[in-house]
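Working through the structure, step by step
Here is how the chains run, residue by residue.
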Amino acid sequence: MLIEADSWARPRAGRRPALGRSFRAVTALLLVLSCLAVPARADVTTIATYDFASGAQGWGPRGDGVVLDTSAGNLRVSGRTQTWMGAQITPPFEKGVTYNVTAKVSGSVALTVERTPAGGSTTWERVGAATSAPGEFTELSGSYSYSADSALNLYFESSDATAEFTVDDIVVTSDSDPTQSGLSTDFETGTAQGWNPRGGATLTASGAAAHAGSYGLAVANRQASWDGPSLNVLGKLAKGSKYTLSVWVRSAEAQSLGLSIERRQNGTPSYERVVAPVSVTGWTRLSGTYTPAHDVDFLSVYVESSEGVLPFELDDFTLEYVEPKPIQTDIPSLKDTVPFTLGAAFHRGATLGEHAKLINKHYGSVTPGNALKWDATEPVEGQFTFGEGDALVDFATDNGLEFRGHTLVWHSQTPAWVFEGATKEVLLQRVENHIRAVMGRYKGRIGTWDVVNEVIDENQPDGLRRSPWFEITGLDYIRTAFRVAREVDPAATLVFNDYNTEFPRKREAMYKVVKQLLDEGVPIDAVGHQLHVNIEQPPAYHIEDSIERFATLDVEQQVTELDVSVYTDFVSTYATVPDEVLARQGHRYKEIFDVFRRQAAELTSVTVWGVADDETWLSTFPITRVNAPLPFDDELQAKPAFWGVADPSKLPASRLALVVPAGTVTVDGRRDEQWDRQADQPVARSGPVSASFQLRKAPSGVYVFADVTDPTDDRTDSLSLKAGSATYKIQRGAPHAQGFKAHTRKTATGWQAEALLPSGSAATLDLTVDDASTGPDAAWSGALTFVPEVKELTAPKETPVVDGVAEAVWNKATPVETGTWIQGTSGATAKVRALWSPSGVLYVLAKVTDPVLSEESPNAWEEDSVEIFVDPGNNKTKGYDDDDGQYRISFTGAESIGGTFDAFAIRGNLTSAVSRTSNGYIVEAAIKLPTVTLSRDRVLGFDVQINDATGTARTAAVTWHDPTGQSYLSTARWGVLRLGK
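Residues numbered from 1 in each chain as written. Predicted model: local features only at pLDDT ≥ 70, side-chain atom pairs only at ≥ 80, totals over all residues. Heavy atoms only, no water.

**Some points on the overall build of the protein**
Formally: Only DSSP runs of H or I reaching four residues or more are called helices, and only runs of E reaching two or more are called strands; each is numbered from the N terminus. To sort residues, take the accessible area from a 1.4 Å probe on protein chains only and compare it with the maximum for the residue type: under 20% means buried, over 50% means exposed, and anything in between is partly exposed. Any pair of residues with heavy atoms lying within 4.5 Å of one another is described as a contacting pair. Shrake-Rupley sampling with a 1.4 Å probe provides the accessible areas, and residues are treated as covered by the protein chains on show and by no other component.
Assigned secondary structure in the protein consists of eleven helices and 55 strands. Reported as C-alpha extents along the three principal axes, the dimensions of the protein are approximately 110 × 70 × 65 Å. Within the protein, the proportion of its 981 residues that are buried is 55%. Taking contacts inside the protein between residues at least 6 apart in sequence as the whole, the part at least 24 apart equals 72%. Carbon and sulfur atoms make up 49% of the accessible area of the protein, which totals about 37700 Å².

Written as structure tokens, this is what we have:
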């Protein structure tokens, strides 16, 4: 609870000032201390009013010598000699009811409750305070509630021990249901409306701080990042109910601000994020949802910064109750539609209300998102906190749910003390102690544990992440963790868990490590595939390939953290996710669960990483944005993603989008070099049959190349292509349908087809692979967008010296010129050459024509610079794979690199040199490409962009190939670079 500031003196011990007469009858009020503003809202009940037109109306003096005068129609307080002296009343406040209080005051005045809990110590709790200009009145406002049986005394006091002050027009109100009526503060009274500093900050209602209306709240003189405005909301939120909290914030200097909750129980504080800090300069709305899940005796909402103590402003705070929708009871239970255990990650709030009903209907197991991680269970060495874990395990036990423990050893969310001063022996002992305590507490109740999490780094020679665990102990921390876990609970399934296991390089790195450990006898029972994917990438066959690969190790497999982001990159955002995107997500869930069903013999469980979209880590990672990655929406209602799992026949129609470049090929059933310029479009596998294909647009029609995997060699197998309204059928063994040119050829895994379809104007394509023995097996449906031909640049095999000088070896490379304007129509341009080395290095030379150079902007992309884009796999995706890179070199040689997760996998790949010329500059770069083997005729995704700056702004930009201006987000429209001789 908030206690009075020290400047307000207390009565001496043992001295109890005389109490005045009780005021007029009151009815109900709310729950616990909340110093809030009281704007008008629905369902407000007036409890009492005091206008002093008829005397003191129950108010009496507080302290000897105090005089109350009502002759002027207000309450004048004089004769004071101590700060706590003033006017008082015994309020008929009821426990669990919130009361809102406003009053007009003249002078420096505070309203305080003296509360003595039954059997406890007296506390003094601030309701509100205000200071008026001399001789004038201002508004004092606040609200109050309490949760424990107590004796109460409500009184006005002043920090000036001898000052006189005046009070008038006191109004006490209550909500009919304060936990559902919400609240708002707009500071239009010219006061702080119940907001108080968490530390030494000063809060001032100011017209200059207004977002809307005449006033906002200026926050200054902050002492720490957490020091700022706080509003007590205890009594306004009910446990298990959901609320939307929103506030507008502004900062003169850029800083990151967020919205958080502080809750306490018996003096122990805990902190929860409502909105993670986001960059703020102009007015920015912070909005998020919060569901109280704990018993509390203090609850406040506050604005804080991620770091620093810069001032800021806030306005227009609202807290709104979200009426829950009942879960749908007339739909299938997801857990009954799959041949393996289906689970969900959950948190304390999801054990209440409709969320709990949703879990029990649709899931057979649960996994805690954070409650059993090291920082939650052992924040201080040897001091264990199991409150959250106990509550979640109890919920699972009470409801007959299996429980997955997550996670015992991880490089993240591990307290710093674990590694501080640790030798190998000390650290391994800490691992053992931790596992024995945590696993031992839940032995027999938690059947599966993620023993180690995210220990693989495919960019390291040995495939192991260079975490403090590894740096201190090598592989022994993994060996120890599994050994101890087996000793503690021999019946538990022990899991080796990681992300991106569906990508080939990560898959192989993890496979080798797990196999080595198994060969040593380390008791790994299962591997966990997290599967944080998006609506397009990676292709479903990557997931299936991983499951089949690990099946050779004879271990269980589990999908541990499945979600499907609606974004394909790390920066895009929707205000509201479009229906067509949700439909596409539904089809994506279908193709992924098709894989799971085919591989059910290898999978023991699948866990989605959240109960519903209202609680997903993807709402704040990698940036704060609306995301909807789960089968149920924010209101716990079934989405297309649900039907993609439960009953795909109920999915809405959805067409994929396919970019079709121009190009000409020879129709002979063989793969021309033209087909190397794009990545094949996969067709979802059905049974043993799958396919991939490409298209090219030509004046005479549309070329198609398809590669079919079908182990049954039947001449009547076919490929049907419906382009627009016309259907073309290619048979595995001739003859083909009349009216178009087609060829087929046998391959080791099936067959290939190549054709020229005369329907050149068709904007849609429906492709069906038909296995004659089983019927239509694999299908794809999409909308076509025709674009110019993908350009190709050839790089000879040579090794230059990277010194910014274009030595003679560069003359062996044919240059290309940048000419695709993405900003402006003229400006700096470049001639670009490329070379390559069998040692795995790509070399790029850009001679830039730009007589006026500037590096004045604080943003690297707005300076004169060269950006080189490289996709080693030429995958042409709408996002970046982790080895795709954006390598920027300014005319002064400053380097910056873009890629996934802060370009962690490619950060060390660039070496560059720059020299100035009479009309511009030369950039020479060497880019290591360790994830592929460079050899003749390999094709890389490639592009170059020249940024032209004038002063502090970029005024023009031109690429060699990509016309979208989105090269920093997507590799889909880059050109290609072919490695030559």
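**Thoughts on the packing of helix α5 (residues 424-441) against helix α7 (residues 476-488)**
Defined as follows: Axis definition: a line fit to C-alpha positions, over the contact stretch in the case of helices; interaxial angles, taken between N-to-C directions, run 0 to 180 degrees. Any angle between 65 and 115 degrees counts as roughly perpendicular, while under 35 counts as roughly parallel, over 145 as roughly antiparallel, and the rest as oblique. Two helices cross in a left-handed way if the nearer one is turned anticlockwise from the farther one by less than a right angle. They cross in a right-handed way if the turn is clockwise. Side-chain classes are defined by residue name, with Ala, Val, Leu, Ile, Met, Phe, Trp, Tyr, Cys and Pro counting as nonpolar, Asp, Glu, Lys and Arg as charged, and the others, Gly among them, as polar.
With their axes 9 Å apart at the nearest point, α5 and α7 run at an angle of 30 degrees to one another. Comparing their axes, α7 and α5 come out roughly parallel. By crossing handedness, the relation of α5 to α7 is classed as right-handed. Contacts between α5 and α7 involve Lys424, Leu428, Val431, Glu432, Ile435, Arg436, Met439 and Gly440 from the first element and Asp476, Tyr477, Thr480, Ala481, Arg483, Val484, Ala485, Glu487 and Val488 from the second. Taken together, the residues of the contact of α5 with α7 sort by class into nine nonpolar, two polar and six charged.

**Quick notes on the packing of aromatic side chains**
Condition: Two aromatic rings from Phe, Tyr or Trp, using only the six-membered ring of Trp, form a pair when their centres are within 6.5 Å; if the ring planes differ by under 30 degrees the pair is stacked, by over 60 it is edge-to-face, and anything between is tilted. For a ring to carry a charge above it, either NZ of a lysine or CZ of an arginine must fall within 6 Å of the ring centroid while also lying within 35 degrees of the normal to the ring plane.
Under the defined criterion, the tally for this structure stands at 30 aromatic pairs. Between Trp374 and Trp417, the ring centres sit 6.2 Å apart and the planes meet at 70 degrees, which makes this aromatic pair edge-to-face. Separated by 43 residues along the polypeptide, Trp374 in helix α3 (residues 374-377) and Trp417 in the loop between β26 (402-410) and α5 bring together distant segments of the chain. With respect to burial, Trp374 and Trp417 carry one shared label: buried. Site record: aromatic cluster; members linked through ring pairs are Trp374, Trp417, Phe419, Trp469 and Tyr477. We note Lys506 situated over the ring of Tyr499; from NZ or CZ to the ring centre the distance is 3.7 Å.

**As for the UniProt feature "domain: GH10" (unreviewed entry) in the protein**
In plain terms, the rule: UniProt positions are given in the numbering used here, feature names are shortened, and annotations may be inferred rather than shown by experiment.
In the numbering used here, UniProt assigns the feature "domain: GH10" (unreviewed entry) to residues 328-648. Regarding residues 328-648, the helix share stands at 37% and the strand share at 17%, and the terminal C-alpha atoms are separated by 18 Å.

**Quick look at α5**
Put simply, the rule reads: Helix span, expected: 1.5 Å multiplied by one less than the number of residues in the helix.
The end-to-end C-alpha separation of α5 is 26 Å, in line with the 26 Å expected for 18 residues at 1.5 Å each. Looking at α5, one finds that the buried residues are Leu427, Leu428, Arg430, Val431, Glu432, His434, Ile435, Val438 and Met439. Tucked into the core, α5 has its buried residues touching α3, β26, β27 (448-453), α6 (468-473), α7 and β28 (493-498).

**Quick notes on the environment of Phe156**
With respect to the element layout, Phe156 can be found in strand β11 (residues 150-157). Taking the relative accessible area as the measure of exposure, Phe156 reaches 0% and is therefore buried. Excluding residues that lie within four positions of it along the chain, Phe156 makes contacts with Trp59, Met85, Gly86, Ala87, Ala103, Val109, Ala110, Leu111, Phe165, Val167 and Ile170.

**Thoughts on the pairing of strand β17 (residues 229-232)**
Operational definition: Criterion used throughout: strands pair if DSSP finds at least two bridges between them.
Going residue by residue along β17, you find Pro229 and Leu231 tucked away on one face and Ser230 and Asn232 tucked away on the opposite face as well. In terms of strand pairing, β17 meets strand β22 (residues 298-305) through three bridges, oriented antiparallel. Residue pairing for β22: Ser230 is matched across the bridge by Tyr302.

**A few points about the packing of helix α9 (residues 540-551) against helix α10 (residues 579-598)**
Relative to each other, α9 and α10 sit at 20 degrees, their axes nearing to 9 Å. Comparing the axis directions of α9 and α10 gives the class roughly parallel. Note that α9 runs across α10; the crossing there is right-handed. Note on element contacts: α10 touches α9 through Arg588, Glu591, Ile592, Val595, Phe596 and Arg598, opposite Ala540, Ile543, Glu544 and Ile547.

**Quick notes on the domain arrangement of the protein**
Heads up, the rule is: Note: domain ranges come from an automatic or database domain assignment. As used here, buried area is the combined drop in accessible area, with a 1.4 Å probe, of two parts when they are placed together.
When the domains of the protein are assigned, the result is domain 1 (45-174), domain 2 (183-322), domain 3 (340-617 + 639-648), domain 4 (657-787) and domain 5 (792-979). Across the contact, twelve residues belong to domain 3 and 13 residues belong to domain 5. Between domain 3 and domain 5 the total buried area reaches about 990 Å² when both faces are included, carbon and sulfur atoms providing 57% of it. If you sort the residues of domain 3 by the area they bury against domain 5, Asn459, Arg505 and Phe570 come out on top, with a joint share of 40%.

**Brief notes about a nonpolar patch on the surface**
As a reminder, the rule being used: Each patch is built from residues that are more than 30% exposed by relative accessible area and take part in no salt bridge. Like charges join if they lie within 9 Å; nonpolar side chains (Val, Leu, Ile, Met, Phe, Trp, Tyr) join within 5 Å. Salt bridges are identified by distance alone: a Lys or Arg side-chain nitrogen within 4 Å of an Asp or Glu carboxyl oxygen.
Taken together, the side chains of Phe570, Val571, Phe901, Phe904 and Tyr968 present a nonpolar region at the surface, about 440 Å² in accessible area. Positionally, Tyr968 belongs in the loop between β54 (953-959) and β55 (975-979). A relative accessible area of 44% places Tyr968 in the partly exposed class.

**Comments concerning the sheet that holds strand β14 (residues 196-197)**
The five strands are arranged β14-β17-β22-β19-β20 in an open sheet whose pairing can be described as antiparallel. With partners counted over all chains shown, the strands left at the sheet margins are β14 and β20 (268-280), one partner each. Bridge analysis of β14 against β17 gives two bridges, and the strand direction is antiparallel. Within the sheet, the bridge partner assigned to Pro197 lies in β17 and is Pro229.

**Re unusual backbone geometry**
Omega for the bond connecting His406 with Thr407 falls within 30 degrees of zero, at 0 degrees, which places this linkage in the cis form. A cis geometry characterises the amide bond from Gln537 onward to Pro538, with omega recorded as -10 degrees. Its location among the elements puts Pro538 in the loop between β30 (532-534) and α9. Notably, Asp316 is not glycine yet its phi reads approximately 55 degrees, a positive angle. Checked against the element boundaries, Asp316 lands in strand β23 (residues 312-322).

**Considering the nonpolar core**
As a reminder of what qualifies: For our purposes a nonpolar core is just a set of buried Ala, Val, Leu, Ile, Met, Phe, Trp, Tyr and Cys residues, chained together by side-chain atoms within 4.5 Å.
By size, the foremost hydrophobic cluster in this structure holds 105 residues, and its most contacted members are Trp449, Ile478, Phe496, Leu562, Phe593 and Phe596. Those residues in contact with Phe596 that lie beyond four places of it in its chain are Phe340, Leu531, Ile543, Ile547, Val559, Leu562, Leu603 and Val606. Listed in part, the 38 residues of the second largest apolar core include Ala830, Phe891, Leu940 and Val944.

**So, the side chain of Ser912**
Among the structural elements, Ser912 can be located in strand β51 (residues 910-917). Judged by its relative accessible area of 18%, Ser912 falls in the buried class. Discounting chain neighbours no more than four positions away, the residues touching Ser912 are Val802, Ile889, Glu895, Glu924 and Ala925.

**A word on the pattern of salt bridges**
Scanning the entire structure with this criterion turns up 53 salt bridges. Across the pair Glu125 and Arg115 runs a salt bridge, and its minimum N-O distance is 3.0 Å. Linking Glu125 in strand β9 (residues 123-131) with Arg115 in strand β8 (residues 108-117), this pair joins segments that are ten residues apart in sequence. In this structure Arg115 comes out as buried when scored by relative accessible area, which is 5%. Linking Lys357 and Glu354 is a salt bridge whose minimum nitrogen-to-oxygen distance equals 3.0 Å. Taken as a pair, Lys357 and Glu354 lie in helix α2 (residues 353-362) at a separation of three residues, close to a single helical turn. In the salt-bridge network here, residues are joined through shared partners; they are Arg671, Glu673, Asp676, Arg677, Asp680, Glu789, Glu792 and Arg978.

**A few points about the sheet that holds strand β37 (residues 718-723)**
If you walk across this open sheet you meet the five strands as β33-β42-β41-β37-β38, and the pairing is mixed. Among the strands making up the open sheet, the edge pair consists of β33 (656-661) and β38 (726-731). In this sheet, neighbouring strand axes are inclined to one another by 30 degrees on average, regardless of whether the strands run parallel or antiparallel. Pairing geometry for strand β41 (residues 764-771) and strand β42 (residues 775-787), over eight bridges, is antiparallel.

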